[in-house]
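Remarks on the overall topology
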Amino acid sequence: MTETGINGLKEYINTHNRFLIIGHIEPDGDCISSVLSLSYGLRRIQKKVISAIDSQCPAIYEEFQPVSQITFEGDICVEDFDAIITVDSSSPDRMGKYQGLMDKKPNFVIDHHVTNKLWGNYNWLDLEASSTAEMVYRFLKELGIEYDPVLATINMLGIQTDTGFFKYTNTGWRVMEIASELIKQGANAPFNASMVLENNRVQEFYLLSEMAKKIKITLDGTLIYSFITLDMLEKTGCTYEDAAGLIGELRSIKGVETAILFTEMDKEEIKVSFRSKKWFDVADIAIEYGGGGHQRASGCTIYQTMDQTIDEVVNNTKKRMETVNY
Ligand SMILES: [Mn+2]
């Protein structure tokens, strides 16, 4: 396992021809953007590329024409590629069923998660990068690949979503310069913003309303949490994917430092999402339960009942928040 940086990736690209590019399960905007932009860029230099994600395409991206290039939940034949690149994925289990392909061919990891353990044969990890899409941009520029409005728009998407549309703490001057370059090259940022932010189904509001009824606030208003059960999903006509955005609503409340949302995937399988605002490190706590992420956004899955999970995680978070020095 080696950390090769951007030059290692360049060498890897130059010495292979047929690539399988994989994003993580339950893909977010950065994942989809990174898979698409890297695939698009490599095709420009006559590389053969297959792009795959072992999840359904999130509903908001279904009508985004470029996603038709990604194989969602499809079967991949190991004869069809000679090297693998994974993007935005901190651990091999994030590959879903494609995890089994990882030891068949060399694999290269491109990622910006602080919890990444350099799990590839080769790795380029940049913890300072706002998004994996930003790393892909820097890489494609390094290769001298020309941008057109389509590539600029798909590359912009991950930068927009991972920075919360330029409002999270990872929004520094470097990412603003890159965004500016992408817009010069024709990126349609308002199109992406509208696709992500103004594309909600009304059922998501019904789910928000159910979730809001279960809110608990503790530690003088600094810790907020709520939960979504399978029954609540059924009642509102939602799937667990619709629950993903709701954690941001919890964090948005005045005085809140840490927000936790528990989503029941199965009777004893609870997805836990953490967000924090200014000082509490939620990456650490997610790692403790085998998950991962960033200091201000992380997640894990716990195989217990909802009640047990809430009890354990909330107590653990309280203890950590009370002892932290900031
Ligand atoms: Mn990312």
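Residues numbered from 1 in each chain as written. Predicted model: local features only at pLDDT ≥ 70, side-chain atom pairs only at ≥ 80, totals over all residues.

1. Overview of the overall build of the protein
Our working definition: Secondary structure elements are taken from DSSP: a helix is a run of H or I of four residues or more, a strand is a run of E of two residues or more, and numbering for both begins at the N terminus. When we talk radius of gyration, it's over C-alpha atoms, and the globule rule is simply 2.2 Å times the number of residues to the 0.38. Our contact criterion uses C-beta atoms placed from the backbone: two residues qualify when those atoms are within 7 Å.
The secondary structure content of the protein amounts to 12 helices and 13 strands. Against the compact-globule benchmark of 20 Å for 326 residues, the protein has a radius of gyration of 20 Å, which places it among compact chains. Principal axes of the C-alpha set define a box for the protein whose edges measure 55 × 40 × 40 Å. Counting only contacts in the protein whose residues sit at least 6 apart along the sequence, the fraction spanning at least 24 positions is 65%.

2. A few points about the packing of helix α2 (residues 29–44) against helix α4 (residues 149–162)
So the rule is basically this: For every element, the axis is a line fit to its C-alpha atoms; helices are fit only across the contacting stretch, and the angle between N-to-C directions ranges from 0 to 180 degrees. Put simply, angles under 35 degrees are roughly parallel, angles over 145 are roughly antiparallel, angles from 65 to 115 are roughly perpendicular, and the rest are oblique. Each helix crossing is assigned a hand: it is left-handed if the near helix lies turned anticlockwise from the far helix by less than a right angle, otherwise right-handed if that turn is clockwise. All amino acids are sorted into three groups, where Ala, Val, Leu, Ile, Met, Phe, Trp, Tyr, Cys and Pro are nonpolar, Asp, Glu, Lys and Arg are charged, and the leftover types, Gly among them, are polar.
In contact at an axis separation of 8 Å, α2 and α4 are set at 155° when each is read in the N-to-C sense. With respect to α4, the axis of α2 lies roughly antiparallel. By crossing handedness, the relation of α2 to α4 is classed as left-handed. On α4, the residues touching Gly29, Asp30, Ile32, Ser33, Ser34, Leu36, Ser37, Tyr40 and Gly41 of α2 are Leu151, Ile154, Asn155, Leu157, Gly158, Thr161 and Asp162. For the contact of α2 with α4, the class distribution of residues is six nonpolar, eight polar and two charged.

3. Overview of the sheet that holds strand β7 (residues 122–125)
Formally: Here the rule is simple: two strands pair whenever DSSP picks up at least two bridges between them.
Judged by pairing direction, the sheet is parallel, and its seven strands sit side by side in the order β1-β7-β6-β5-β2-β3-β4 without closing on themselves. Every other strand in the sheet has two partners, leaving β1 (2–3) and β4 (70–72) as the edge strands with one partner each. In this fold helix α1 (residues 5–14) packs onto β1, β5 (83–87), β6 (107–111) and β7, with an angle of close to 135° to the strand it touches most, β7. Of the strands in this sheet, β2 (18–22), β3 (48–53), β4 and β5 touch α2, which is tilted by about 170° from β3.

4. Observations regarding the environment of Arg201
Here Arg201 shows up in the loop between α6 (189–197) and α7 (202–213). The spacing of Arg201 and Ala59 is 142 residues in sequence and 9.5 Å in space, taken between C-alpha atoms.

5. Points about the sheet that holds strand β12 (residues 292–293)
Judged by pairing direction, the sheet is mixed, and its six strands sit side by side in the order β8-β9-β10-β11-β13-β12 without closing on themselves. With one partner strand each, in any of the chains shown, β8 (216–218) and β12 form the two edges of the open sheet. Pairing between strand β11 (residues 269–276) and strand β13 (residues 297–302): six bridges, direction antiparallel. Note on β13: the bridge partner recorded for Arg275 is Ala297. Against the sheet, helix α12 (residues 306–323) touches β8, β9 (223–228), β10 (258–266), β11 and β13, its axis set at about 160° to β10.

6. Considering the pairing of β2
Definition in use: Counting other C-beta atoms within 10 Å of each residue's C-beta, where C-beta atoms are placed from the backbone, gives the exposure class: buried for 20 or more, exposed for 12 or fewer, partly exposed between. When the strands point away from the viewer, a crossover counts as right-handed if the route from the first strand across the helix to the second turns clockwise.
In terms of burial, β2 is largely enclosed, as four of its five residues are buried. Pairing geometry for β2 and β3, over five bridges, is parallel. Across the sheet, residue Phe19 finds its bridge partner in β3, namely Val49. With α2 bridging β2 and its parallel neighbour β3, the resulting β-α-β unit is right-handed. Here β2 pairs with β5 via four bridges, running parallel. Bridge pairing in β5 links Ile22 to Thr86.

7. Here's the deal with the packing of helix α3 (residues 132–142) against α4
At a minimum axis distance of 7 Å, the contact between α3 and α4 shows a crossing angle of 145°. The handedness of the crossing between α3 and α4 comes out as left-handed. Note on element contacts: α4 touches α3 through Asn155, Leu157, Gly158, Ile159 and Asp162, opposite Thr132, Ala133, Glu134, Val136 and Tyr137. Residue composition of the contact of α3 with α4, by class: five nonpolar, three polar and two charged.

8. A word on the domain arrangement of the protein
Frequently, the measure chosen for interface size is the accessible area that the parts lose on association. Formally: Boundary definitions for the domains trace back to an automatic or database domain assignment.
If you check the domain split of the protein, you get domain 1 (2–197) and domain 2 (202–323). One C-alpha centre belongs to domain 1, the other to domain 2, and the line joining them spans 27 Å. The residue inventory of the side of domain 1 that touches domain 2, partitioned by class, reads four nonpolar, five polar and no charged.

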